[in-house]
Every structure is written in C-alpha cells, then in structure tokens.
Amino acid sequence: MEFSHIPVLFNEVIENLNIKEDGIYFDGTLGGGGHSEGILKRLGPKGRLIATDQDRDAIESTRERLAAYSDKLTIVKSNFVNIDTVLKDLQVECVDGILLDLGVSSYQFDNSDRGFSYRTDAPLDMRMDRDTGMTAADIVNDYSEAELARIIREYGEEPFAGKIAGAIVRARADKRIETTFELNDIIKSALPAKVKNKKGHPSKQTYQAIRIELNHELEVLSEALDKMINLLLPGGRLCIITFHSLEDRMVKNKFRTAMNPCICPPDFPVCVCGRKSLGKVVTRKPIAAGEKELTENSRAKSAKLRVFERCKGEE
C-alpha cells in the first residue's frame, strides 16, 4: 500500500512558517511528505529541510517521492522529541521554523495491518514505530481494570470509561483480545443503547486513548515543545497542528507560558522573578480548516493550527 497523506491546513502552514529561501527548517512529522514538499519548493539552493518520522514505511516511500529535492532534504528515522540530538548530529544549532502535524496519517489509518482504525478488522497494533515491542493488544490484555479506566477516561475523555474497562477485563478472562473488531464488540457491549445509536463510532474515544498511551504522545509532545521553542532562531516560527482537545490545550498553555513566563504574584508592581519572554503567540485563536478543505478532506475537521514566534532580539 502506497504511503499517502493529504496535508491538512497546507496553505495556512506554509504561510505561517514565513519560509526564507536560505533558511533551515524542521518537519518532525514527515508522513507522506505533503507539508515537507511545500517547504522544499520554497527553499533556494542554500535552504535545508530536516525531517523526522518514526515510521519506516513513511520514510522509504517519501524519500523516493521527494528524491528531486535530495540536495536540500535530510530524513532521519526518529521521534520528533529527539530534535535536539538530531540537529546536533547534523551540526545545526537552531532552525528558522518547525512543523508538527500530530495527526495519524491516512496510510496508517487505512492500512489493515496497522490496527489504528476501528473500521477494519486487524490485529491490535497502533504503533507509530513498528520497531518497538509493545502493541495496543498488550495494553488491552495486560493493564489492570483501574489502569484501563484511567487512560480511557483521561486520554479518550470517554464518560463510560469504567464500564468499558470492566467489559474488557471480563472478556479477556475467557480469551486474549487480539483484533480491532473483537475490541469493538466489547466496547459496544458496555455502552447504553442511546450512546451506541449516536452519530460517530462508539469506539473512537477508546481507540484514541489506547493510541496515546501506547505511543506516549502527550509526554513526548510536552517535552518536545520546550525543546523546540528554544531551538528557534530569532523570528523563527513553531507551527503545531493538533487533532484533539488534550493536545490543543497543551500547545496553547505551553505557548502562553513561553510568551509570559513570569511567576511573580499579580500584585507585584514589577517582575522580580527574572523570567523573560521567549516570543509571542501569533494565533490568538487556533486556525481551522475552511469549507473548501473540509469538503475535500473530512479528516481536517478537527485540525487546529497554533503558531508561536521566537523573539527577534531584545523585545
């Protein structure tokens, strides 16, 4: 299956990165290379794009697709949280712009071997990096009922987390849960009829929770954001596309803190903590997809873009 991914908010990302022809940019989520290609097209002979991805399929396919830009494209198999070591290994101190698209690619959703989708029967995998050992099946079968309830409640924001966790534990007492359709049936059995009949798939929130837990997505994002802001050159921009409220809230709060890190009590006449602003939030409200894009790509529906700009000097 060809690795493909329709880049969401493409024009908005390219516009907000403020791409300079001779700049150095970092795409932490290469995927199918849609955003990367847009950046590469705007770089001159001295420009450079460094891209990372955890998925070998993405890297192999996209490296071939973007072969025409090989003179200014460097691809590294790594998680974007390792941006500091990736740049150091390439003898790059800072960059002019950074992009993260935190969505699961169309390839990963549609490839029946990957187990990301509740719409096709497949092994419970959900690994972004298939070179790692633990899978979604391990979480479903090995986590305690309390642990399952916690992650489904916290990461899936599922109001029936306790009932779903209980149903999973009862089902796995008879046999190991191995496939997506097996898990779907268990989730459905735990939900009231009025919930099952609502618009949207009843497994969506539970799958989101398991995927986030398995791939440590929130921990990785939190650590990466702190590093990335500090690795921007003056005037450089960090663009983050999120797809659910937990990610978006984290990005919003990290950006706000970077803009206003002061921890002095509100009644202090002047700041005495010494913490200086690292830049400014460009997007007061997140940028969402327009009607045309939503018509062409339904997966852009929940996408939100937030942008942070590093201080240009003494501000």
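Please refer to the structure placed before this passage.
Scope of this entry: the structure provided in the associated data block. (Residues numbered from 1 in each chain as written. Predicted model: local features only at pLDDT ≥ 70, side-chain atom pairs only at ≥ 80, totals over all residues. Heavy atoms only, no water.)

**Observations regarding the pairing of strand β5 (residues 232-242)**
Note on strand geometry: in a regular strand, side chains alternate between the two faces of the sheet.
Step number 1: For β5, a buried count of eight out of eleven residues is recorded, marking the element as mostly surrounded by other parts of the structure.
Step number 2: Note that strand β4 (residues 95-101) and β5 share six bridges and pair parallel. In the strand pairing of β5, Ile98 is matched with Leu238.
Step number 3: Where β5 lies against strand β8 (residues 304-310), six bridges are found, and the strand directions are antiparallel. In the strand pairing of β8, Ile240 is matched with Arg306. (Buried < 20%, exposed > 50% of the residue type's maximum accessible area, 1.4 Å probe, protein only. Helix = DSSP H or I, 4+ residues; strand = E, 2+ residues; numbered from the N terminus. Pairing = 2+ DSSP bridges.)

**Looking at the nonpolar core**
Step number 1: Core analysis: the largest hydrophobic core is formed by 62 residues, its most contacted members being Phe26, Ile168, Leu183, Met228 and Leu238.
Step number 2: In terms of residue count, the dominant contributor to this core is helix α12 (residues 217-230) (seven residues).
Step number 3: Val8, Leu40, Ala51 and Cys239 belong to the second-largest nonpolar core, a separate cluster that totals 27 residues. (Core = buried A, V, L, I, M, F, W, Y, C linked by side-chain atoms within 4.5 Å.)

**Considerations on the pattern of salt bridges**
Step number 1: Summed over all chains, the structure comprises 24 salt bridges.
Step number 2: Note that Asp125 is salt-bridged to Arg127, the shortest N-O span being 2.7 Å.
Step number 3: Asp125 sits in the buried class, given a relative accessible area of 7%.
Step number 4: Where Asp226 meets Lys254, a salt bridge forms, and the shortest distance between an N and an O atom there is 3.0 Å. Here Asp226 is found in helix α12, whereas its partner Lys254 is found in helix α13 (residues 245-259), with 28 residues between them in sequence.
Step number 5: Put simply, Arg56, Lys77, Asp129 and Asp131 are held in one network by salt bridges that share partners. (Salt bridge = Lys/Arg side-chain N within 4 Å of Asp/Glu carboxyl O.)

**Focus on the side chain of Arg211**
Step number 1: When you line up the elements, Arg211 lands in helix α11 (residues 204-215).
Step number 2: Ignoring sequence-local partners within four residues, the contact set of Arg211 consists of Val104, Phe116, Met126, Met128, Glu217 and His244. (Contact = heavy atoms within 4.5 Å.)

**Regarding unusual backbone geometry**
Step number 1: In this structure, Asn18 is a non-glycine residue whose phi angle is positive, near 50°.
Step number 2: Structurally, Asn18 can be placed in the loop between α1 (10-17) and β1 (24-27).
Step number 3: Phi angles above zero are rare outside glycine, and Glu157 is one such case at about 50°.

**Some thoughts on the pairing of β1**
Step number 1: For β1 and strand β2 (residues 48-53), the ladder comprises four bridges, and the chain directions are parallel. Considered in β2, the bridge of Ile24 is made with Arg48.
Step number 2: Taken together, β1, helix α2 (residues 34-41) and β2 form a β-α-β motif whose crossover is right-handed.
Step number 3: Where β1 lies against β4, three bridges are found, and the strand directions are parallel. Considered in β4, the bridge of Tyr25 is made with Gly97. (Right-handed = clockwise from strand over helix to strand, strands pointing away.)

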